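Tertiary structure, described
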Amino acid sequence: MSSNSIHDKEIVAIILYISCFFMMLAVFLIVFFYFSRKKIIQKELEKRDLTLQYQKEQLHAIIVTQEEERKRIAQDLHDDISSKLNIVSLNSHLLTSPNLTEAEISEITENIISLTTKALENSRKIAHNLLPPVFEKFGLNAGVEELCEEFESSKSVKTYYKNEIDFNDQDIDRHLHVFRILQELMNNSLRHGKATEISIAFKNIDGVHTCTYEDNGVGFDSKNAENHKGLGMKNIDSRVSFLNGSIEIKSEIGNGIDAIFTF
């Protein structure tokens, strides 16, 4: 066999080996990219499922909060307004009784006027809790000012409020969420934190509306995820998410809370 023939066979063998190598490499790359793509798609699906789950939890928190609010209002109407109006009705029937003395008529009339006045005051309070008239008429800044005054009227807490933002009245629907967030934070500061001082400040930081909130209450371990699962915190998270904002709450036991959220 000639040397040229052997040389040609070696070249063919090398070409075959190289071809096999590249074919195996191609198969490997195809398999690799297939499984990589599959893994990426799986991750995206998992991420989407988590997002949907988070949205469901937020929606659930809002619905539960609304139902709790409805129950509270219904309870207030039944226990307070309804009971007073029932007594007014009974007193009104008493006025139709024969042989009443002037003193008795005067006493019954005074009772009716007193109960009606109290019922009106309490109905105003219920309406105010639903949507404060000052907020509706004058906007977020005036609403927060009045909110601070109301908390201070209890004589148990001192509030400090500062605003550096010129709010647009056209954004009142968005501002209502900000107002509710502050209501929730302040209620938590008094009810759970036993705070005696609360500080609220609105600032425009790099073009982003930002609110900082602090209190000097008993605080809690903000690193413990369980402390963020309460209905109040879920409601706050839901409202911040609706505003496309972010919130960060830092707290330590004995050191109050320090919260900042954007809207």
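Every chain is numbered independently, its residues counted from 1 as its sequence is written. Note on the predicted model: pLDDT of at least 70 is required for a residue's local features to be given, and 80 or more for side-chain atom pairs to be given and counted; whole-chain, interface and lining totals, by contrast, use all residues. The basis for the side-chain values is all heavy atoms of the structure; hydrogens and waters are excluded.

Comments concerning the pairing of strand E3 (residues 208-215)
Our working definition: When DSSP finds two or more bridges between a pair of strands, those strands are recorded as paired. Comment: elements are numbered from the N terminus, with helices defined as DSSP H or I runs of at least four residues and strands as E runs of at least two.
The pairing of strand E2 (residues 197-205) with E3 spans eight bridges and is classified as antiparallel. What sits directly across from Ala201, in E3, is Thr212. The antiparallel hairpin formed by E2 and E3 contains two residues in its connecting segment, where Asp206 sits at a positive phi of about 55°. As paired elements, E3 and strand E5 (residues 257-262) share six bridges and run antiparallel to each other. Paired with Asp215 across the two strands is Ile257, which belongs to E5.

Focus on the pairing of E5
Within a regular strand, the side chains alternate between the two sheet faces. By the bridge criterion, five bridges tie strand E4 (residues 247-251) to E5 in an arrangement that is antiparallel. Counted as the bridge partner of Lys250 is Asp258 from E5. Where E4 hands over to E5, the hairpin turn is made up of five residues, of which Gly254 adopts a positive phi near 90°.

Some remarks on the nonpolar core
Keep this limit in mind: Definition of nonpolar core: a set of buried residues of the types Ala, Val, Leu, Ile, Met, Phe, Trp, Tyr and Cys, connected through side-chain atoms within 4.5 Å. Summary of the burial criterion: residues with accessible area below 20% of their type's maximum are buried, those above 50% are exposed, and those between are partly exposed, where the area comes from a 1.4 Å probe applied to protein chains only.
Leu182, Ile200, Phe202, Tyr213, Phe261 and Phe263 are the most contacted members of the largest nonpolar core, which has 29 residues in total. At the level of secondary structure, the elements contributing two or more residues to this core comprise helix H4 (140-152), helix H5 (172-191), E2, E3, helix H6 (231-242) and E5. For this core, the leading source of residues is H5, giving six residues.

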